[in-house]
Amino acid sequence: MRYSALPPAILAAVLVAPVPAAAATPTVARVPTTCDGYLREGSAHAAKGGGRTRGFTTFENSSCGDRITYFEGSGSSWSATATPLRGDVLDVAADDTGTHLLFLNTEPPQRGAAPQPGPELAVVRRSNDGTFSYPHWLAHAGDLAPAAAGPGSIVATDGSWYAVWPQRSATPGRYILYEAETMWDGGDPAPFAHPAPTTPDSSDTHPALATGVDGRPWLFWQRSVPGGQDLLLARGGHGAWQPATRVAASVAVSTEHRGLTVAATNTRIFTGWTRSDGPGLDRVVVGSSSNDGNSFTATSPPVQAPYYTSYDVRLQASSSSVFAAFGAADAPPGRALLATRLGSKPWNVAEPYGAVPNSIDSFGVAELIYHGGGRTTTVLYSGQHLYAVSTS
């Protein structure tokens, strides 16, 4: 990650931001590794399933032949094992039946008598007993949008899943969203039939999914239009999407921290993104809405000195509160903060990750998991290691 110097006038303004509140002593555990190698930045994803945090990550140049690693745990107890899979971890969803992995498979998949050439986007499920399902093949790598358009997203419930990802269109430089699922009747991957009409100049990227209490997905995504980016939200699935809501219009989304996030409860919807406020000054923004998702109010969790920029937010929510974990920095590689907001009260910002060893190479939030009762687990990467920080 690269950061440019902050203008003195802006620095003076952000230094008066509220000081993070004290937090209960967190439980910090290093997630074990089964192989040596280099943790691929951005490759760790996790979700809550069966009362535990479960996830996948990728190590490069490892003694395991770069096989994808599965990890799980809670509190101070964590385990990891190498899987038979190789490729890029894009997103993870979990339920009581197992852990669903959206990944770019880098080994030739076998379809009948002959393997297909090149990597392919796929979904596979690891059951809680450690067995893997046969992959669902979604798209050839050559049809996918570049990494800058976002990796795709997946949600799961009751053993079924729903995935959305960006692909190239017939117009160079323009991307469209595709969807596939087993939540309803399955079927082949198809262009996402969303209710927000495209134009010849628009491009849809960076999908982020969450499931509501009814099990149906909410989709939050970015539409690039002349003059900026619109951020859109829709609820539905299986071709029955409600009209999309424009969460924000003509936003200057950060070019370095493009990821979006969404969380849904029975009473409210929350969306998150990183806004660029000028050179070297990115700011996390959280939008909140009533459960109809029709109108949003945007706020930014405050950061304190020595931090002046915030980025790469991950959201979780309960019926009364929203939790946001995000990076914060005055210079690379930065640290991380946890913010909580009860209803419409001011943000309560804390720094519970101080016990995680810093790295001169990289440091950031991989995932935020909510367990209920105000308890969270944050998966962070620091250098070549993953850490799990549990708070209550």
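Residues numbered from 1 in each chain as written. Predicted model: local features only at pLDDT ≥ 70, side-chain atom pairs only at ≥ 80, totals over all residues. Heavy atoms only, no water.

A. Expanded view of the overall build of the protein. On a plain count of helices and strands, the protein comes out with 1 helix and 30 strands. A burial count over the protein gives 53% of its 392 residues as buried. Considering only intrachain contacts with a sequence separation of at least 6, the fraction spanning at least 24 residues in the protein is 47%. When the accessible surface of the protein is summed, it comes to about 15800 Å², and 51% of that surface belongs to carbon and sulfur atoms. (Helix = DSSP H or I, 4+ residues; strand = E, 2+ residues; numbered from the N terminus. Buried < 20%, exposed > 50% of the residue type's maximum accessible area, 1.4 Å probe, protein only. Contact = heavy atoms within 4.5 Å. Areas by Shrake-Rupley, 256 points an atom, 1.4 Å probe, with all protein chains shown as cover.)

B. Spatial organisation of the sheet that holds strand β16 (residues 203–211). The 4 strands lie next to each other as β16-β17-β18-β19, forming an open sheet whose pairing is antiparallel. Lying at the two open borders of the sheet, with one neighbouring strand each, are β16 and β19 (245–251). Each strand of the sheet is rotated relative to its neighbour by a mean of 15°, with strand direction disregarded. As paired elements, strand β17 (residues 217–225) and strand β18 (residues 228–235) share 8 bridges and run antiparallel to each other. Each bridged residue has a counterpart across the sheet, and for Arg223 the counterpart in β18 is Asp230. (Pairing = 2+ DSSP bridges. Axes fitted to C-alpha atoms, helices over the stretch in contact; angles between N-to-C directions.)

C. Layout of the environment of Ala80. Note that Ala80 resides in strand β6 (residues 77–95). As for Ala80 and Thr33, which are separated by 47 residues in sequence, their C-alpha atoms are 6.0 Å apart. Not counting the four nearest positions on each side in its chain, Ala80 is found in contact with Pro32, Thr34, Thr69, Tyr70 and Phe71.

D. Up close: unusual backbone geometry. The backbone phi angle of Ser250 is positive, close to 50°, even though this residue is not glycine. Relative to the assigned elements, Ser250 resides in strand β19. Positive phi values are uncommon outside glycine, yet Asp312 reaches one of about 55°. Checked against the element boundaries, Asp312 lands in strand β24 (residues 309–317).

E. Quick look at empty space enclosed by the protein. Evaluated as defined, the whole model comprises 1 cavity of 30 Å³ or more. Taken as a whole, the largest cavity spans an internal volume of roughly 30 Å³. Lining the largest cavity are Val31, Pro32, Thr33, Thr57, Phe59, Thr69, Phe71 and Leu386. Split into classes, the residues belonging to the lining of the largest cavity amount to 5 nonpolar, 3 polar and no charged. (1 Å grid on protein atoms, 1.4 Å probe; cavity = no way out; pocket = protein on both sides within 12 Å on 5 of 7 lines; lining within 4 Å. Points joined across faces, edges and corners; volume = space filled by probe spheres on them. Nonpolar A, V, L, I, M, F, W, Y, C, P; charged D, E, K, R; others polar.)

Limitation: the analysis is restricted to geometry and does not speak to function.
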